[in-house]
Amino acid sequence: MTAPTAIAIDAGARFTRIAHLGEDGTPVPAELPGSVPGEGLPTPVGTGGHRGAALRDAYAAYREHRGTPERVVLVVPQQDRADHARRAVDVLTALHGTDPMPRLRVLGAPHAVMALLRHTATATAPRYTVCDLGAGAVEVSLCAFTAGSVAVTGSARYGPAGGYGAASDAALLDGAGLPDDDAGRRALDQARARQGAAQRLDVALRRTARHPGRYEDTVVLQVAGRDITAGMVRRALDRLAAGLDRALAEARGGRPAPPVVAVGGGARFGPLLRHLADRQGEPVALPGGVDPAHAAVFGAALVAAGRVDPADRYPYAVSVGTHRTAAGRPRAEELLISPAGALEPGGATVFAESGGRRVLVRTGPAGARPVRIQVRDAESGAVTSAGTLTIPPGAEGARFHVGVRIAADGTARLVLHPLGSGTPSEHPLGALPTDIEGARS
């Protein structure tokens, strides 16, 4: 079989999932030695769920057995996305050394999930809530469709010590007197997957809810010959539900929640999905029976192969504070650099234009000058600051084109391109704001 030229990687706390498109054009997991069927490559023991170590080992294993792909899309959490993106790019760059690098793109988990839904025409509402129920954390992202992009208008993460789904599984295994290791977790997953197990769990939990204390000792699962009771499962569910409710409330900020898409390994747990449905309505069905744990990496694989636009463009307009002289008096103005939806991670620099021609500015020779950067929501007009830069002085009479770009790691740079043959200078802006108060809800 010919090695795929485009792959996606989602490094999680428990497993790293790698996917590509199969011969029929649909996403499939990459088959690698050591992979757990239906899961992926286990996170190395001793890394404590560290994504960088998991990504490094999984990508190295992929290259060893399948060669170096031409394109790689990396899935990262939405919260602190720029930091996660920078680390992921650094990991792959270090692995390649002087070898040719694939073309890298980093995609936030909600954009990856939305790519899957958009590709299959499942996304029909203008807004969605993506609930990523992972082993390490639950992350809730509010997504809104805009012209040519999917804007994340709010996000929240709850990742307690010991993990989110991981801590719940550990509590169940401890209650059964089993170690929280790969063998124990695999046995627990197998017990949950047995025929009739989901129905027994559902019935037992409903009974304990109606008659507190009465059915706590009812055995609902057997894991490696040990009993797990309804009471153990109820307590684990209570922890999961409380964390999910907390993240939902924080992400919504008092606003109604749009339709919910539940993904991640925790979305396999029927009682947790029922809890979500009771509070937010029935979750959106994933297309074609996709395993929720693979939803993000499958969407990213479609992006890597060029089958769907990632729609991961910066949804707000970017402007810079300038001064101009009118009638002999200086006047402060805002110069629009990039309109909403024009900037793309890893894409080209977008320069300020007027009438189809790039605008010329000067920095002045008098000394370093602070420059204010702002972002604006085109729909509501709401504005927030993206920070202030100190620009070094320029030569007398020097003129520049001013632009902005977003690197593959998600961080932005203000670009000053001198008129003529000079070398452009870049000034780090960090991560641009992703949530403007008063913007679209």
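Residues numbered from 1 in each chain as written. Predicted model: local features only at pLDDT ≥ 70, side-chain atom pairs only at ≥ 80, totals over all residues. Heavy atoms only, no water.

If you look the protein chain up in an unreviewed UniProt entry, it shows as Hsp70 family protein from Streptomyces palmae.

## Regarding the pattern of salt bridges
To be explicit about the condition: What makes a salt bridge here is a side-chain nitrogen of Lys or Arg within 4 Å of a carboxyl oxygen of Asp or Glu, nothing more. Helix numbering and strand numbering both begin at the N terminus, where a helix is a DSSP run of H or I of at least 4 residues and a strand a DSSP run of E of at least 2. Three labels apply to residues, based on accessible area from a 1.4 Å probe with only protein chains included: buried if under 20% of the type maximum, exposed if over 50%, partly exposed otherwise in between.
Scanning the entire structure with this criterion turns up 25 salt bridges. The partner of R17 in a salt bridge is E39, and the shortest N-O contact between them spans 2.6 Å. Taken together, the residues R17 in strand 2 (residues 15–21) and E39 in the loop between strand 3 (27–29) and strand 4 (41–42) connect sequence positions 22 residues apart. The class of R17 is buried, set by a relative accessible area of 13%.

## Considerations on the packing of helix 4 (residues 165–175) against helix 5 (residues 182–193)
As a reminder of what qualifies: Note on geometry: axes are C-alpha line fits, over the in-contact stretch for helices, and angles between N-to-C directions span 0 to 180 degrees. Comment on the angle field: the value is read as roughly parallel under 35 degrees, roughly antiparallel over 145, roughly perpendicular from 65 to 115, and oblique elsewhere. Pairs of residues are marked as contacts when any of their non-hydrogen atoms sit within 4.5 Å. The classification used treats Ala, Val, Leu, Ile, Met, Phe, Trp, Tyr, Cys and Pro as nonpolar, Asp, Glu, Lys and Arg as charged, and all other residues, Gly among them, as polar.
Interaxial distance between helix 4 and helix 5 falls to 10 Å at its minimum, and their mutual angle equals 90 degrees. The angle between helix 4 and helix 5 falls in the class roughly perpendicular. Between helix 4, through D169, L172 and L173, and helix 5, the contact on the second element is made entirely by G184, R185, L188 and R192. Considered class by class, the residues forming the contact of helix 4 with helix 5 number 3 nonpolar, 1 polar and 3 charged.

## Focus: the nonpolar core
Using the following cut-off: Nonpolar core, defined: a set of buried Ala, Val, Leu, Ile, Met, Phe, Trp, Tyr and Cys residues in which side-chain atoms within 4.5 Å join the residues together.
In this structure, I228 and L244 are the most contacted members of the largest nonpolar core, which totals 39 residues. With 10 residues, the single largest contributor to this core is helix 7 (residues 230–252). With sequence-adjacent residues up to four places away left out, I228 is seen in contact with L172, A176, L188, T218, V219, V220, L221, V223 and V233. Ranked by size, the runner-up nonpolar core spans 35 residues in total, among them A112, V261, V297 and A304.

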